[in-house]
Amino acid sequence: MKKVVKFGGSSLASAQQFEKVGNIIHADADRKYVVPSAPGKRDSKDTKVTDMLYQCYALAEEGKDFSAVLAKIKERYQGIIDGLKLDLVLDDEFETIKKNFEAKAGDNYAASRGEYLNGIIMANYLGYEFVDPADYIFFTEDGNFDAERTDELLSKKLEGVERAVIPGFYGSLPCGKIKTFSRGGSDITGSIVSKAVKADVYENWTDVSGFLAADPRIVSNPQGIEIITYRELRELSYMGATVLHEDAIFPVRKAGIPINIRNTNAPEDKGTWIVENTCQKPKYVITGIAGKKGFCSINIEKDMMNAEVGFGRKVLEVFEHYGISFEHMPSGIDTLTVFVHQSEFEEKEQKVLSGLHKAVNPDSIDLESDLALIAVVGRGMKSQQGTAASIFLALSQANINIKMIDQGSSELNIIIGVKNSDFEAAIKAIYNIFVTE
């Protein structure tokens, strides 16, 4: 078997954490390809190395002295090296970083050095080959991930490498400049490597024992999720469940490789399995609940709009023209409502309203702000009658007014809109009615 193991920043924040990771890797000979993140926080008052690098580069870009911040970053890595008793010196690497900062190499380059340096330490600690993703993970000129070229060259490289460390989070543009994924992008690197080596399992090690059915900051001691499908995960990740980067699903999904979310600090826990599909019935009707605040709705009314061909297209073209993406668009016979991120809409709202009047000549347009969207997700809903009714009942009993309800044709999720102020209470109410001990 071949396993790819990715470790998050909290798993590699110190020499002590590195030792835990080393024990996990050595405990299973199948763990052959390691994807490390940059060192995270050692405690709540600490700063992530990636944030330190951004801060350092910002000073360099402004032409200010950044040597003190760079020295602190070097101290972080030296502390790990000393704690692991490694015969490793990073002076040359830091000298190169200093010169590239002075040459304004870009904030993508700056941010990527956290993973790069941690990868060098990890490879030295394990005795594995170091593979720089700048040479094998590629983006197109417009900054999109080049999956085909990456898979071809990375597969060829790793085919002859028995064990390797491949830092997460970055690759390169055609011109050779470093390009990073969005924050949390080391998850994506792990998925890309898994596809390239045709792994049997992609283990993603973090500081929690898998996915929970709800946010533990809202629901006290929520149930863990033992198994979840890619589609369910995509819905929950998009709506705020942040254990795994939502784009990390795509490379492994195409290859049918399961993901196992594990806890570095509790390696005995089985964690959560993320799979393409399963005949295993979920423990409850729903798999999980997630949501986000900060939306607003634009409700457009016009008599006989249902008979006007192209009405919806004309409405969405206005939002597209002003660079605003929409989240949901429930409609009736004479009404159509568009839900968008409030922060994106506010500065352009008058232009959008004017554009809508010109495009579709509505009878009226109403706006409502400070809304939250909650996704209730679960493959078990398809075979269970009355799920929506149970949600209505739970929210009614909690005296929460529903602003919108929308169900996809897959019957995999139900989206509910409520006021921001009702967000936490709504999640608790829905959780309590579906999840029973």
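Everything that follows concerns the structure shown earlier in this document.
To start, this report covers the structure provided alongside it. Quantities reported herein were computed from a predicted structural model and do not represent experimental measurements. (Residues numbered from 1 in each chain as written. Predicted model: local features only at pLDDT ≥ 70, side-chain atom pairs only at ≥ 80, totals over all residues. Heavy atoms only, no water.)

Let's talk about the overall build of the protein
In terms of helices and strands, the protein carries 14 helices and 16 strands. Relative to the compact-globule value of 22 Å for 437 residues, the protein shows a C-alpha radius of gyration of 24 Å, a close match. Counting only C-alpha atoms and orienting by the principal axes, one finds that the protein spans roughly 75 × 55 × 45 Å. Expressed as a percentage of the 437 residues in the protein, the buried residues total 51%. Contacts in the protein between residues at least 24 apart in sequence constitute 74% of all its contacts with a sequence separation of at least 6. Of the roughly 20400 Å² of accessible surface on the protein, 45% is carried by carbon and sulfur atoms. Averaging the coordinates of the 50 positive side-chain charges in the protein and doing the same for the 63 negative ones gives two points 2 Å apart. (Helix = DSSP H or I, 4+ residues; strand = E, 2+ residues; numbered from the N terminus. Rg over C-alpha atoms; globule rule 2.2 N^0.38 Å. Buried < 20%, exposed > 50% of the residue type's maximum accessible area, 1.4 Å probe, protein only. Contact = heavy atoms within 4.5 Å. Areas by Shrake-Rupley, 256 points an atom, 1.4 Å probe, with all protein chains shown as cover. Lys, Arg positive; Asp, Glu negative; His and termini not counted. Charge placed at Lys NZ, Arg CZ, Asp CG, Glu CD.)

Observations regarding the nonpolar core
By size, the foremost hydrophobic cluster in this structure holds 45 residues, and its most contacted members are Leu-158, Val-193 and Ile-274. Going through the elements one at a time, strand S2 (31–36), helix H6 (147–159), helix H7 (186–196), helix H8 (230–238), helix H9 (249–255), strand S9 (259–263), strand S11 (288–301) and strand S14 (364–377) are the ones with two or more residues in this core. Residues in contact with Val-193, not counting those within four places in the same chain, are Val-4, Tyr-33, Val-35, Leu-154, Leu-158 and Ile-166. With 44 residues, the next largest nonpolar core counts Leu-70, Leu-84, Leu-126 and Tyr-170 among its residues. (Core = buried A, V, L, I, M, F, W, Y, C linked by side-chain atoms within 4.5 Å.)

Section: the pairing of strand S7 (residues 201–206)
By the criterion of burial, S7 is predominantly enclosed, with 6 of the 6 residues buried. Here strand S1 (residues 3–7) pairs with S7 via 5 bridges, running parallel. Across the sheet, Phe-7 pairs through a bridge with Trp-205, a residue of S7. (Pairing = 2+ DSSP bridges.)

With respect to the sheet that holds S7
Taken together, 8 strands build an open sheet; the order of strands is S3-S4-S2-S1-S7-S9-S10-S8 and the sheet is mixed. The open sheet is flanked by strand S3 (129–130) and strand S8 (227–229), the only strands paired with a single partner. In the sheet, S7 pairs with S9 via 5 bridges, with the strands oriented parallel. Looking across to S9, one finds that Asn-204 is bridged to Ile-261.

Quick notes on the packing of aromatic side chains
Tallied over the full model, the rule gives 10 aromatic pairs. Judged by centre distance (5.8 Å) and plane angle (55 degrees), the rings of Phe-66 and Phe-101 are tilted. One end of the pair, Phe-66, is in the loop between helix H2 (49–61) and helix H3 (67–83); the other, Phe-101, is in helix H4 (residues 91–102), and 35 residues separate them in sequence. Considered together, Phe-66 and Phe-101 belong to a single accessibility category, that of buried residues. With centroids separated by 5.0 Å and ring planes inclined at 55 degrees, the aromatic side chains of Phe-139 and Phe-181 adopt a geometry described as tilted. (Phe/Tyr/Trp six-rings, centres within 6.5 Å; stacked < 30°, edge-to-face > 60°.)

What to know about the pattern of salt bridges
All told, the structure shown has 21 salt bridges when counted by the stated rule. When the shortest N-O distance is used, the salt bridge between Asp-46 and Arg-42 registers 2.6 Å. Here Asp-46 falls in the buried class, since its relative accessible area comes to 13%. The partner of Asp-91 in a salt bridge is Lys-74, and the shortest N-O contact between them spans 2.8 Å. Taken together, the residues span a long stretch of sequence, with Asp-91 in helix H4 and Lys-74 in helix H3 at a distance of 17 residues. (Salt bridge = Lys/Arg side-chain N within 4 Å of Asp/Glu carboxyl O.)

Side note on the packing of helix H1 (residues 15–26) against helix H5 (residues 107–126)
In the contact formed by H1 and H5, the axes pass within 11 Å of each other and the chain directions differ by 55 degrees. Regarding the angle of H1 to H5, the classification is oblique. The hand of the H1/H5 crossing is right-handed. Here Phe-18, Glu-19, Val-21, Gly-22, Ile-25 and His-26 of H1 come into contact with H5, specifically with Asn-118, Ile-121, Met-122, Tyr-125 and Leu-126. Its residues assigned to classes, the contact of H1 with H5 shows 7 nonpolar, 3 polar and 1 charged. (Axes fitted to C-alpha atoms, helices over the stretch in contact; angles between N-to-C directions. Parallel < 35°, antiparallel > 145°, perpendicular 65-115°, else oblique. Left-handed = near helix turned anticlockwise from the far one by under 90°. Nonpolar A, V, L, I, M, F, W, Y, C, P; charged D, E, K, R; others polar.)

Examining the pairing of S11
For S11, the tally of buried residues reaches 10 of 14 residues, placing the bulk of the element in the interior. Summarising the sheet, S11 and S14 pair through 12 bridges and their orientation is antiparallel. Directly across from Ile-298, in S14, lies its bridge partner Leu-367. Summarising the sheet, S11 and strand S13 (residues 335–341) pair through 7 bridges and their orientation is antiparallel.

Here's the deal with the sheet that holds strand S12 (residues 326–328)
Ordered in space as S12-S13-S11-S14-S16-S15, the 6 strands form an open sheet in which the pairing is antiparallel. Each of the sheet's edge strands pairs with one partner strand only, and the pair in question is S12 and strand S15 (404–407). Direction aside, the axes of adjacent strands within the sheet are offset by 40 degrees on average. In terms of strand pairing, S12 meets S13 through 2 bridges, oriented antiparallel. Bridging across to S13, Phe-326 finds its partner in Val-340.

Some remarks on helix H14 (residues 423–434)
Here H14 spans 17 Å end to end across 12 residues, near enough to the 16 Å set by a 1.5 Å rise per residue. Burial in H14 covers these residues: Phe-423, Ala-426, Ile-427, Ala-429, Ile-430, Tyr-431 and Phe-434. If you follow the buried residues of H14, they end up packed against S11, S14, helix H13 (387–397) and strand S16 (413–419). (Expected span 1.5 Å × (residues − 1).)

Here's the deal with the environment of Gly-22
Position of Gly-22 relative to the elements: it lies in helix H1. For Gly-22, a relative accessible area of 0% gives the class buried. It is 8.1 Å that separates the C-alpha atoms of Gly-22 and Tyr-125, two residues lying 103 residues apart in sequence. Residues contacting Gly-22, with those up to four places away along its chain left out, are Tyr-125 and Leu-126.

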